[in-house]
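Structure at a glance
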Amino acid sequence: MFTDVRWKEWTGIDVKNLFEAATVEEVQERLAQLRPDSERQWGKMNPAQMLAHCSAAINTVTGKNFPRRILLGRLLGPLAKKSLIVKGEPMRRNSMTEKSALVTDARNFVVEKHRLCESIDRFAAGGPEICTKHPHFFLGPLTPEEWAILTYQHLDHHLRQFGV
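Conventions we followed
- Residues numbered from 1 in each chain as written.
- Predicted model: local features only at pLDDT ≥ 70, side-chain atom pairs only at ≥ 80, totals over all residues.
- Heavy atoms only, no water.
- Helix = DSSP H or I, 4+ residues; strand = E, 2+ residues; numbered from the N terminus.
- Contact = heavy atoms within 4.5 Å.
- Patch = residues over 30% accessible without salt bridge, like charges linked within 9 Å, V, L, I, M, F, W, Y side chains within 5 Å.
- Areas by Shrake-Rupley, 256 points an atom, 1.4 Å probe, with all protein chains shown as cover.
- Salt bridge = Lys/Arg side-chain N within 4 Å of Asp/Glu carboxyl O.
- Polar contact = N/O pair within 3.5 Å; in protein donor to acceptor, adjacent residues only side chain to side chain.
- Phe/Tyr/Trp six-rings, centres within 6.5 Å; stacked < 30°, edge-to-face > 60°.
- Buried < 20%, exposed > 50% of the residue type's maximum accessible area, 1.4 Å probe, protein only.
- pLDDT = per-residue confidence, 0-100.
- Axes fitted to C-alpha atoms, helices over the stretch in contact; angles between N-to-C directions.
- Parallel < 35°, antiparallel > 145°, perpendicular 65-115°, else oblique.
- Nonpolar A, V, L, I, M, F, W, Y, C, P; charged D, E, K, R; others polar.

1. Quick word on the environment of Leu72
- The residue Leu72 is located in helix α4 (residues 71–86) in this model.
- Distance in space between the C-alpha atoms of Leu72 and Leu139 is 9.7 Å, their sequence separation being 67 residues.
- If we ignore the near neighbours within four places in the chain, the residues touching Leu72 are Gly77, Met96 and Phe138.

2. Side note on a nonpolar patch on the surface
- A contiguous nonpolar surface patch, about 620 Å² in accessible area, is contributed by Leu71, Leu72, Leu75, Leu76, Leu79 and Met96.
- Inspection of the secondary structure assignment puts Leu76 in helix α4.

3. Examining the side chain of Asn17
- Here Asn17 is to be found in the loop between α1 (5–11) and α2 (21–33).
- Engagement of the side chain of Asn17 in a polar contact is seen with the backbone nitrogen of Phe19, the distance being 2.7 Å.

4. Quick look at the packing of aromatic side chains
- In total, this model carries 2 aromatic pairs according to the counting rule given.
- The interplanar angle of 5° and the centroid separation of 5.0 Å between the aromatic rings of Phe19 and Phe123 together place this pair among those described as stacked. Residue Phe19 is located in the loop between α1 and α2, and its partner Phe123 is located in helix α5 (residues 109–126); the two are separated by 104 residues in the primary sequence.
- Taking relative accessible area as the criterion, Phe123 reaches 0% and is therefore assigned buried.

5. What to know about the pattern of salt bridges
- Using the criterion set out here, one finds 8 salt bridges in the structure.
- A salt bridge links Lys81 to Glu146; the nearest nitrogen and oxygen atoms lie 3.5 Å apart. Placement of Lys81 in helix α4 and of Glu146 in helix α6 (residues 144–161) is noted, with a sequence separation of 65 residues between them.
- Taking the relative accessible area as the measure of exposure, Glu146 reaches 7% and is therefore buried.
- A salt bridge links Arg107 to Glu112, with the nearest nitrogen and oxygen atoms 3.3 Å apart.
- What makes Glu112 buried here is its relative accessible area of 4%.
- One network of salt bridges, with partners in common, ties together Lys16, Glu26, Arg30, Asp156 and Arg160.

6. Structural notes on the environment of Thr23
- Structurally, Thr23 is set in helix α2.
- Between the C-alpha atoms of Thr23 and Tyr152, which are 129 residues apart in sequence, the distance is 8.0 Å.

7. Focus: the confidence of the model for the protein chain
- On average, residues of the protein chain score 91 in pLDDT, and 92% of them are at 70 or above.
- In this model residues 1–5 is a low-confidence stretch, pLDDT under 50, and it forms 12 contacts with partners more than four residues away in sequence or in other chains.

8. Section: the packing of helix α3 (residues 47–61) against α6
- Relative orientation of the contacting elements α3 and α6 amounts to 175°, with a least axis distance of 11 Å. It follows that α3 is roughly antiparallel to α6 by the angle criterion. Packed against α3, whose contacting residues are Met50, His53, Cys54, Ala57, Ile58 and Val61, the element α6 presents Trp147, Thr151, His154, Leu155, His158 and Gln161 at the interface.
- Partitioning the contact of α3 with α6 into residue classes produces 7 nonpolar, 5 polar and no charged.

9. Comments concerning unusual backbone geometry
- The phi angle at Asn94 is positive, at roughly 55°, despite the residue not being glycine.
- Mapped onto the elements of the fold, Asn94 is located in the loop between α4 and α5.

Right under this line is the structure:
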């Protein structure tokens, strides 16, 4: 597993990332608290759709999808990257979603929860080598460590969306 010592030395900030076993365990415990009828605090997705959305996002991180950079990201991405990844600030409500990760159709909660848990475990076990070299659609090029931080931030954002 990736150790975040270098990140802490470089930034001076202790941020969670999905290459850390304790962080993976925290996320899995929070996912266990999620229910099909958990009430959202913001946004449009229901819990099953959110789980599918998070799996789709991990597929992008692992190089299964290759979304194009958007102009707004080229302009504002460096600021957002500093806020989210370097400073570790939580994602804002109703943040922009990349088109390939939009989920609007009906999904099976149990199936999607299982799929996401497997995706998280596969990501964590794969370590830095599992991360794509393709740039993030908004933030631009990311190191594996930055992908691991961003992936945690994204999961945390959606778990908070449903109060877990």
